[in-house]
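Chain residues, written in single-letter form:
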Amino acid sequence: MQDTQPNTTYLKDYRVPDYLVDNTDLHFELEAKVTQVRTRLKIRRNPKAGDGLPPLFLDGVDLQLFSVTLDGIALSSTDYQELPQGLSIPVEKPEFVLEIHNSINPEENTSLEGLYLSNKMYCTQCEAEGFRKITFYPDRPDVMSKFTTTIVASKDHPVLLSNGNEIGRGHCEDGRQFVTWEDPFPKPAYLFALVAGNLEHVEDVFTTARGRKVKLQIFTEAKNIGKCDHAMRSLKNAMRWDEEVYGREYDLDIFMVVAVDHFNMGAMENKGLNIFNSACVLASPETATDSAFQRIESIVGHEYFHNWSGNRVTCRDWFQLSLKEGFTVFRDAEFSADLNSRAVKRIEDVTLLRTNQFAEDAGPMAHPIRPDSYMEISNFYTLTVYEKGAEVVRMIHTLLGADGFRKGSDLYFERHDGCAVTCEDFVRAMEDANQVDLTQFRRWYSQAGTPVLDVTDQFDESTGVYRLIVRQSCPVTPEQKDKLPFHIPFAMGLLDSTGSGIALDKAGSTQLVLEITESEQVFEFNGLRERPLPSLLRGFSAPVKVRYDYSLEQLLFLMSHDSDTFNRWDASQRFAFKAMNQLQSAYQEGLSLELSPELIVAYRNILLNKELDPALVAEIMLLPSEHSIAEESVSIDAEAIVAARTFARKSLSCALIDELKERYAELDIERPYSPNAKDIAERRLKNICLEYLCVTESADALDLAQCQFDSAGNMTDSAAALSALINYGNDQYAEQAIHQFYDRWKEDTQVTELWLAQQACSAKRGTLNNIKALMQHPAFELKNPNKVRAVIGGFANRNFQQFHKNDGSGFEFVADQVIALDKLNPQVASRVVIPITRWKKYSGELAGKMKAALLRVSNSGELSKDVYEVVSKSLV
Ligand code: PHE
Ligand code: ZN
């Protein structure tokens, strides 16, 4: 906790480390309240750091120090300085061995950073700056060292794991046991990991392209051992994919994955020993939904891919976080696209970016994908660094083409293997391998905010010349007023009146990637016989907003004719946004609401179109969420958004009731569960039909839901039915379903989380009183981030209606939770506060009420660095 205002760290202040650590030997004696840590460090002066012998500084937080020894000689406490943030030790030689003995308290560690206990299992989380909560160390990613680790523990913890290969094990005289691990690859401390527990595992083997056999193990508590198959399959797919697409082979003889219930994030790529949030690795058809299966595949891939993009080549400092995260998200997205439906994956990712990252880019914490400064680095594990960072890498891929990009990545890995580098090094490798100049492109790394492209066009009938006029601009963001033009790859095509693509160059291509580099640019196309219809930003080729004044007819035309699947969906979104805006205005003016009849006709056609991929039909049927409508609003009128969307869904469901029934029945086929793209798509569309049917609240529809609830053979169908009953059933039926479901699944942590989330997200059931009651339920635990995300996060991020209650009670509730959580887990608290930081975007009284709640957090006494940074920046 902070007693003074936290310091800001600046990228411009980066200096190379004074000292390097060649070897790190760790020795742990695990005990819940007092764990002994003995560290032996082989240290030398960094030749790149200049002359002289400055004092050695070691980071350390919440540690009990017992002794320090330098080259075998014990130092007395006057020989060094113990500061709040670590140890400063005067040094007389350029090379020496330092030994430290300290202790820590894993049981009391509720921050889930450093070494902590989850249920009865010990585990660590060191990224970004958690290693300093284990022992004194130069805890920065540009200090890379070879680690050996010995773990001593009682018989209650038979499985003792760390990075690398096991090189020894045995029994101590007192009955305890030990295991020693050695990791041959030098690594920064943030990639260190230790696990100890009573765990079981499943095992498999992967043979690499060059024929090396790698042992694969997934560890979990005994009760979950049946839930590891999907992760294992995903892991093998990821290993193969990285060989085929990037030429990257795995480099150790063993790869381990461990599932833990208490985890701040999704998963962690520790060398050879990935640690996963249970929710991101455990699945079975009976207990996990399709989206959980897909999430697991992509996260297992993501962490595995980090072995090269993150571990073999790591970050010089935390400002470079997007170097590993943006690149790795791009890699996992392509992996998922190759294994499943490419178009659907893209639609999902773009939806996330547009609703949540765009909101971040327009809010008080907006930052470039490579930030210039931070108070607490944990606050910068953001959608901007991850998702926008991945879009930036994707743009390089688009500009260079797949082969050029591969040449660039090969050069990057070859040049920087074993090093800690920067985003600049990544871009330079791409340039050098392709002889291109990405000078202007680099602005994507330094400028925040979502660029806007205003597009107009002209057609001259007499000459057959068509012009696209593109103007780019970028809104002001904190600390960045004036923006320079971005280099934007703009994929586009032109459609003729039959819906065919027009040839745009001599080679006859019907799609071009235009390169936008100026604030205003005109692109000319010759020899056209009629005015074409432009299809813009195909595949979402850049993370920007495109404004072009399409008519409803034009959007309908694109929806049925565009050769780019993504843009067909995008046209439907533009269409739906227009309709919803009309409804919002009518509501604000007190007029009666009417959903545009064209939209109903269009949706009927789509719903009945059997040629279309059901996955695409499903994506179109889902109207834009309240949050994405809010993101598009200049000033958010929450009540009008809820009214407009509720009305649109009701009107659609009433108008399409027969078609919905028909498609539901047709898709409701029994078959053994498999999480393949086709089956997932069909289940998705079926369950969207069910939901729409239930929106009418007719007895028929609810019977269907009840019937599906009673007979579902997998969690996807079961959860969808539960959701329908919760949201649209009468209280008695809803209540009954909630109880039945809980009774059936109360022993299963993952299903219980889903059960909590469904209630918290429900506009009908997730009232503040019910949320408070849920927090008293035995299934809830404030110290478990997944439960907090399910209930408090579900309410604040996914229950638009109840959270935005006009009396401001939703905001006050979130403020209370932030204050309570900050004492337990600052990282989680600082995420929970986000929904009440964007008060400036709200209209009317909500803005003031939200700000008041935020001010209350700000004045609630000592805040962690994490929460202090977010709150203070949001009150500026
Ligand atoms: N590096 C992890 C990932 O994205 C995320 C993470 C960050 C996990 C910090 C824990 C703590 O793969
Ligand atoms: Zn990552």
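Residues numbered from 1 in each chain as written. Chains lettered and ligands numbered in written order. Predicted model: local features only at pLDDT ≥ 70, side-chain atom pairs only at ≥ 80, totals over all residues.

S.K.: It is not clear to me how the overall build of the protein chain should be interpreted in this structure. Could you clarify?
M.R.: Check the secondary structure of the protein chain and you find 26 helices and 31 strands. Rg of the C-alpha trace for the protein chain: 28 Å, near the compact-globule value of 29 Å for 876 residues, within the 12% margin. Across its three principal directions, the C-alpha atoms of the protein chain cover 90 × 65 × 60 Å. (Helix = DSSP H or I, 4+ residues; strand = E, 2+ residues; numbered from the N terminus. Rg over C-alpha atoms; globule rule 2.2 N^0.38 Å.)

S.K.: It is not clear to me how the UniProt feature "domain: Aminopeptidase N-like N-terminal" (unreviewed entry) in the protein chain should be interpreted in this structure. Could you clarify?
M.R.: Per the UniProt annotation, the sites labelled "domain: Aminopeptidase N-like N-terminal" (unreviewed entry) are residues 25–191. The annotated region residues 25–191 carries 0% helix and 52% strand content, and the separation between its end C-alpha atoms amounts to 15 Å. (UniProt positions renumbered as here; feature names shortened; annotations may be inferred.)

S.K.: How do you make sense of the sheet that holds strand β31 (residues 545–547) when you look at a structure like this?
M.R.: The strands that make up a sheet are held in pairs by hydrogen bonds between backbone atoms, and each pair lies either parallel or antiparallel. Here four strands make up an open sheet; going across it, the order is β29-β26-β25-β31 and the pairing mixed. Here the strands that pair on one side only, and so sit at the sheet edges, are β29 (520–525) and β31. When the angles between neighbouring strand axes are averaged without regard to direction, this sheet yields 25°. Here six bridges tie strand β26 (residues 465–473) to β29, and the two strands are oriented antiparallel to one another. In the sheet register, Arg467 faces β29, and the bridge partner there is Glu524. (Pairing = 2+ DSSP bridges. Axes fitted to C-alpha atoms, helices over the stretch in contact; angles between N-to-C directions.)

S.K.: What am I meant to see in the site of ligand 1 here?
M.R.: Neighbouring ligand 1 are Gln125, Glu127, Asn264, Met265, Ala267, Met268, Glu269, His302, Glu303, His306, Glu325 and Tyr381. Those elements giving two or more residues to the shell around ligand 1 turn out to be β20 (267–268) and α2 (290–305). (Near = placed C-beta within 6 Å.)

S.K.: How should I be thinking about helix α8 (residues 552–561) in this particular structure?
M.R.: Since the α-helix turns once every 3.6 residues, residues separated by three or four places project in the same direction. Within α8, the full set of buried residues consists of Leu555, Leu558 and Met559. For α8, the arc enclosing every buried residue in end-on projection is 100°, short of the 170-degree limit, so these residues lie on one face. Where α8 is buried, its residues meet β30 (533–536), α9 (565–588) and α10 (597–608). (Buried ≥ 20, exposed ≤ 12 C-beta atoms within 10 Å, placed from the backbone. Arc of directions from axis to C-beta. Contact = placed C-beta atoms within 7 Å.)

S.K.: How should the nonpolar core be read in this particular structure?
M.R.: Across soluble globular proteins, you tend to see nonpolar side chains buried next to one another. Counting residues in hydrophobic clusters, the biggest one holds 254 residues, and the most contacted among them are Val195, Val258, Ile275, Ala705 and Val833. Tallying contributions element by element places helix α5 (residues 383–416) first for this core, with eleven residues. Those residues within four positions of Val195 in sequence are excluded, and the remaining contacts are Met121, Tyr122, Cys123, Leu161, Val258, Leu273 and Ile275. (Core = buried A, V, L, I, M, F, W, Y, C linked by C-beta atoms within 7 Å.)

S.K.: Looking at this structure, I do not really get unusual backbone geometry. What am I missing?
M.R.: The omega torsion across Glu127 and Ala128 is -5°, close enough to zero to call that bond cis. Here Leu112, not a glycine, exhibits a phi torsion of approximately 60°, which is positive. Within the fold, Leu112 resides in the loop between β9 (95–104) and β10 (114–118). One non-glycine residue, Gln435, adopts positive backbone phi at about 50°. We classify Gln435 as exposed; it has 7 C-beta atoms within 10 Å.

S.K.: Is there a simple way to think about the pairing of strand β8 (residues 86–89) in this case?
M.R.: Regular strands place side chains that alternate from one sheet face to the opposite one. Inspection of the sheet shows strand β4 (residues 56–59) paired to β8 by four bridges, in the antiparallel sense. Across the sheet, residue Leu58 finds its bridge partner in β8, namely Leu87. Strand direction decides the pairing type here: strand β7 (residues 81–83) and β8, joined by three bridges, are antiparallel. Following the sheet pairing, Leu83 is matched in β8 by Gly86. If you look at the hairpin formed by β7 and β8, you'll find two residues sitting between the two strands.

S.K.: What is the right way to read helix α16 (residues 699–711) from this model?
M.R.: The first and last C-alpha atoms of α16 sit 18 Å apart over 13 residues, in line with the 18 Å expected at 1.5 Å per residue. Residues of α16 that are buried: Ala701, Leu702, Leu704, Ala705, Gln708 and Phe709. End-on view of α16: buried residues confined to an arc of 150°, all on one side of the axis. α16 presents Ala699, Asp700, Asp703, Cys707, Asp710 and Ser711 as exposed residues on the side facing more than 90 degrees away from its buried surface. The elements touched by buried residues of α16 are α15 (677–695), α17 (715–728) and α18 (731–745). (Expected span 1.5 Å × (residues − 1).)

S.K.: Even after reading the chapter, I still don't get the confidence of the model for the protein chain, so can you show me in this structure?
M.R.: It should be kept in mind that the predicted coordinates are not to be read in detail where pLDDT is low. In this model, the protein chain carries a mean pLDDT of 97, and residues with pLDDT of at least 70 account for 100%. Confidence estimates for the predicted assembly give a pTM of 0.99 and an ipTM of 0.99. (pLDDT = per-residue confidence, 0-100.)

S.K.: What should I look at first to understand the sheet that holds strand β11 (residues 121–125) in this one?
M.R.: With respect to topology, four strands assemble into an open sheet ordered β10-β11-β16-β13, the strand pairing being antiparallel. The two strands at the open ends of the sheet, each matched to only one other strand, are β10 and β13 (159–162). The mean inter-strand angle of the sheet, taken between neighbouring strand axes irrespective of direction, is 15°. One ladder, built from two bridges, connects β11 with strand β16 (residues 194–197); its direction is antiparallel. Pairing of Cys123 across the sheet is with Val195, part of β16.

S.K.: Would you mind going over the environment of Gly310 with me for this structure?
M.R.: By the secondary structure assignment, Gly310 is in the loop between α2 and β22 (314–315). On the basis of neighbour counts, which here come to 24 C-beta atoms within 10 Å, the residue Gly310 falls in the buried class. Sequence spacing of Gly310 and Glu269 is 41 residues, and the spatial spacing of their C-alpha atoms is 8.3 Å. Those residues within four positions of Gly310 in sequence are excluded, and the remaining contacts are Glu269, Lys324 and Thr328.

S.K.: Sorry if this is basic, but what is going on with the UniProt feature "domain: Peptidase M1 alanyl aminopeptidase C-terminal" (unreviewed entry) in the protein chain here?
M.R.: In this structure's numbering, the residues bearing the UniProt feature "domain: Peptidase M1 alanyl aminopeptidase C-terminal" (unreviewed entry) are residues 553–875. Here residues 553–875 is 73% helix and 0% strand, with 44 Å between the C-alpha atoms at its ends.

S.K.: Could you clarify how one ought to interpret the pairing of β11 in this entry?
M.R.: The buried count for β11 comes to five of five residues, which makes it a mostly enclosed element. Across the two faces of β11 the burial is the same, with Met121, Cys123 and Gln125 and Tyr122 and Thr124 all buried. For β10 and β11, the ladder comprises five bridges, and the chain directions are antiparallel. Bridge pairing links Ser118 to Met121 in β11. Here β10 folds back onto β11, and the loop between the two strands holds two residues, one of which, Asn119, carries a positive phi near 50°.

S.K.: Sorry if this is basic, but what is going on with the packing of helix α3 (residues 321–339) against α5 here?
M.R.: Following both chains from N to C, one finds α3 and α5 inclined at 70°, their axes separated by 7 Å at the closest point. Judged by the inter-axis angle, α3 sits roughly perpendicular to α5. Residue-level inspection shows Leu321, Ser322, Glu325, Gly326, Phe327, Val329, Phe330 and Ala333 of α3 in contact with α5, the latter providing Val385, Tyr386, Glu387, Gly389, Ala390, Val392, Val393 and Arg394. Of the residues that constitute the contact of α3 with α5, the class distribution is ten nonpolar, three polar and three charged. (Parallel < 35°, antiparallel > 145°, perpendicular 65-115°, else oblique. Nonpolar A, V, L, I, M, F, W, Y, C, P; charged D, E, K, R; others polar.)

S.K.: Got a minute to help me understand the environment of Gln708 in this structure?
M.R.: One can find Gln708 in helix α16. On the basis of neighbour counts, which here come to 21 C-beta atoms within 10 Å, the residue Gln708 falls in the buried class. As a C-alpha pair, Gln708 and Ser718 span ten residues in sequence and 6.8 Å in three-dimensional space. Not counting residues within four places of it along the chain, the set of residues in contact with Gln708 comprises Leu690, Asp717 and Ala721.

S.K.: Before we go on, may I ask you to explain the environment of Ile819 in this structure?
M.R.: Secondary-structure assignment places Ile819 in helix α23 (residues 809–824). For Ile819, a count of 17 C-beta atoms within 10 Å translates into the label partly exposed. C-alpha separation for the pair Ile819 and Val857, spaced 38 residues apart in sequence, amounts to 6.3 Å. If sequence neighbours within four positions are ignored, Ile819 has contacts with Val857 and Ser860.

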